[in-house]
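Chains, contacts and geometry: an overview
The primary structure of each chain is shown beneath.
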Amino acid sequence: MNTVTRPRILVVGAGFAGVDCVRRLERKLAPDEADVTLVTPFAYQLYLPLLPQVASGVLTPQSIAVSLRRSRKYRTRIIPGGAIGVDLKAKMCVIRTITDKIVNERYDYIVLAPGSVTRTFDIPGLTEHAFGMKTLAEAAYIRDHVISQLDLADASDDPAERAARLQFVVVGGGYAGTETAACLQRLTHAAVQRYPRLDPGLIKWHLIDIAPKLMPELGDKLGRSAQEILKRRGIDVSLGVSIDKAGPEEVTFTDGRVVPTHTLIWTAGVVASPLIATLGAETVKGRLAVTAEMCLPGYDGVFALGDSAAVPDLAKGQEGAVCPPTAQHAMRQGRKVADNVIAALRGQQMQPYVHKDLGLVVDLGGKDAVSKPLGIELRGVPAQAVARGYHWSALRTNVAKTRVMTNWLLNAVAGDDFVRTGFQARRPARLKDFEFTDSYLSPDEVRARVEGAGIDHP
């Protein structure tokens with residue numbers, strides 16, 4: 001079978017779902033059976049749950065950026081860029097490369113795993129003044145920013161400026177927000193000992209969420225335990241509260257409080273990638289409506305999974321239940337989609353996705369953690385062992401596992417040097433500068449691009 005006639009499988013996204021799909025395809029497909037192409041801006045898989053530990057300096061950025069080119073069976077063609085539109089009828093994906101060139105890529109089978117972006121609301125000043133916690137660049141940037149606030153406060157003789165720079169606000173009481181607040185509070189608590197001119201009592205962390213409970217998925221007992229740990233560390237937890245407006249030097253809460261601060265970290269949930277809106281297909285709360293086999297109804301050879309797809313959760317046995325956007329589901333969905341793509345390619349029967357949730361882990365730094373593996377509630381050191389053990393085992397390569405374990409051990413023994421690495425430039429970068437959500441095309445623009453341009457190749 002020659003190259004021209006081989007089926008073309010296009011995978012969009014290199015998150016947990018996309019990478020596990022590609023690795024399965026590489027293992028199970030014969031080299032001459034199909035061509036596999038992956039669209040991603042970066043040639044690494046980001047282990048997202050450990051981002052707060054990168055922001056706090058416990059882990060280095062490289063340790064959770066797992067190279068896609070280490071596979072022994074690696075033969076996937078990588079297009080360095082992001083998909084900004086898909087014409088399902090023409091079987092064409094429009095891609096913006098990292099050099100800003102727009103190219104069209106044909107496919108026979110497409111696996112849509114573009115993931116999610118930070119969910120924002122129409123709050124004055126939010127996107128201009130808040131940081132997110134969704135990318136590796138954001139985590140590294142936030143670390144530099146937080147340390148720079150300590151440096152600037154230490155150098156200032158203005159009590160009001162000092163107080164403002166030493167207050168930090170995190171919005172979002174889910175896993176990302178809670179772990180971010182917990183890990184960064186530990187960073188500032190340890191760092192302030194190196195700043196003899198600063199009063200440790202001036203450092204204040206605020207964690208707020210509009211929901212009535214912290215991490216409700218954990219249950220009432222573990223949620224309260226996590227909240228007690230944060231309060232014991234001096235983190236002010238406010239529930240039923242959100243942001244009314246944000247400015248460069250202060251944030252106004254919906255309960256009327258005005259907090260002087262230069263640091264607002266927004267982690268209040270995620271929404272499906274804007275790519276989904278370019279398809280013109282049915283959605284469920286913004287996620288693509290797919291079958292249990294993760295096929296898009298009405299379109300041949302289109303599969304969707306992960307954060308951008310409302311995959312039915314058959315294990316719950318409840319009508320209308322969909323899988324939550326978690327790493328454990330995304331990885332398993334990736335492998336199942338690969339099997340179903342191969343089945344479709346070979347004219348075989350596709351299988352539905354079924355997976356019973358294994359539980360939840362929340363690493364609050366140090367010896368503090370709460371976990372619920374297989375429904376068993378754990379706190380403290382046992383929960384921390386489960387949390388770190390799960391994350392460590394989920395890392396895809398031995399090199400990544402070695403780096404992470406070494407970082408953990410070194411940090412436990414030697415602590416942190418609180419060094420700014422230079423990501424913090426004179427020109428500040430905020431939420432709107434990292435996720436490029438304004439680069440996607442409308443359905444009409446996709447159609448015009450496909451119909452009016454030839455097929456380019458990067």
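Along each chain, numbering runs from 1 in the same order as the chain's sequence is written. Predicted model: local features are reported for residues with pLDDT of at least 70 only, side-chain atom pairs are reported and counted for 80 or more only, and whole-chain, interface and lining totals are derived from all residues. Only hydrogens and water are set aside; all other atoms, that is, all heavy atoms of the structure, feed into the side-chain values.

**Things to note about the layout of surface pockets**
Taken as a whole, the second largest pocket spans an internal volume of roughly 510 Å³. Residues are said to line a cavity or pocket when one of their atoms sits within 4 Å of a point; the points come from a 1 Å grid over protein atoms alone, cavities being sets where a 1.4 Å probe fits but cannot get out and pockets being open sets with protein on both sides within 12 Å along at least five of seven lines. Lining the second largest pocket are 23 residues, with Val58, Arg186, Gly366, Asn411 and Ala412 sitting closest to its centre. Elements supplying a minimum of two residues to the lining of the second largest pocket: helix H6 (175–191) and helix H10 (398–414). Residues that form the lining of the second largest pocket fall into these classes: 9 nonpolar, 9 polar and 5 charged. Reported domain spans reflect what an automatic or database domain assignment gives. Two domains each provide a minimum of three residues to the lining of the second largest pocket, namely domain 1 (8–119 + 271–357 + 435–452) and domain 2 (120–268). Grid points are joined across faces, edges and corners, and a volume is the space filled by probe spheres set on the points. Here a helix means four or more residues in a row that DSSP labels H or I, a strand means two or more in a row labelled E, and each is numbered from the N terminus. Gly is placed with the polar residues, together with every amino acid not listed as nonpolar (Ala, Val, Leu, Ile, Met, Phe, Trp, Tyr, Cys and Pro) or charged (Asp, Glu, Lys and Arg).

**Focus: the side chain of histidine 206**
Take histidine 206: it is sitting in strand S11 (residues 204–209). Pairs of residues are marked as contacts when any of their non-hydrogen atoms sit within 4.5 Å. Ignoring sequence-local partners within four residues, the contact set of histidine 206 consists of Gln167, Phe168, Val169, Val170, Asp236, Phe253 and Val259.

**A closer look at the packing of aromatic side chains**
Ring pairs are drawn from Phe, Tyr and Trp, using the six-membered ring of Trp, whenever the two centres fall within 6.5 Å, and their geometry is named by plane angle: stacked under 30 degrees, edge-to-face over 60, tilted for the rest. For the structure shown, the criterion picks out 6 aromatic pairs. A ring pair is formed by phenylalanine 121 and tryptophan 266, whose centres lie 6.1 Å apart and whose planes are at 75°; its orientation type is edge-to-face. Taken together, the positions of phenylalanine 121 in the loop between strand S9 (116–118) and helix H3 (126–129) and tryptophan 266 in strand S16 (residues 263–266) put the pair 145 residues apart, joining distant regions of the chain. Look at phenylalanine 121 and you get partly exposed, because its relative accessible area is 45%. Taking the centre distance of 4.5 Å and the plane angle of 15° together, the rings of phenylalanine 168 and tryptophan 205 count as stacked. In this pair, phenylalanine 168 is assigned in strand S10 (residues 167–171) and tryptophan 205 in strand S11, connecting sequence segments 37 residues apart. Each of the two residues, phenylalanine 168 as well as tryptophan 205, counts as buried. Of the aromatic side chains, those joined through ring pairs into one cluster are Phe131, Tyr141 and Phe434. Here, over-ring charges are defined by two tests on the NZ atom of lysine or the CZ atom of arginine: distance to the ring centre within 6 Å, and angle to the ring normal within 35 degrees. Directly above the ring of tryptophan 392 sits lysine 401, whose terminal nitrogen or CZ lies 5.1 Å from the centroid. Burial classification: accessible surface area is computed with a 1.4 Å probe over protein chains only, and a residue below 20% of its type maximum counts as buried, one above 50% as exposed, and the rest as partly exposed.

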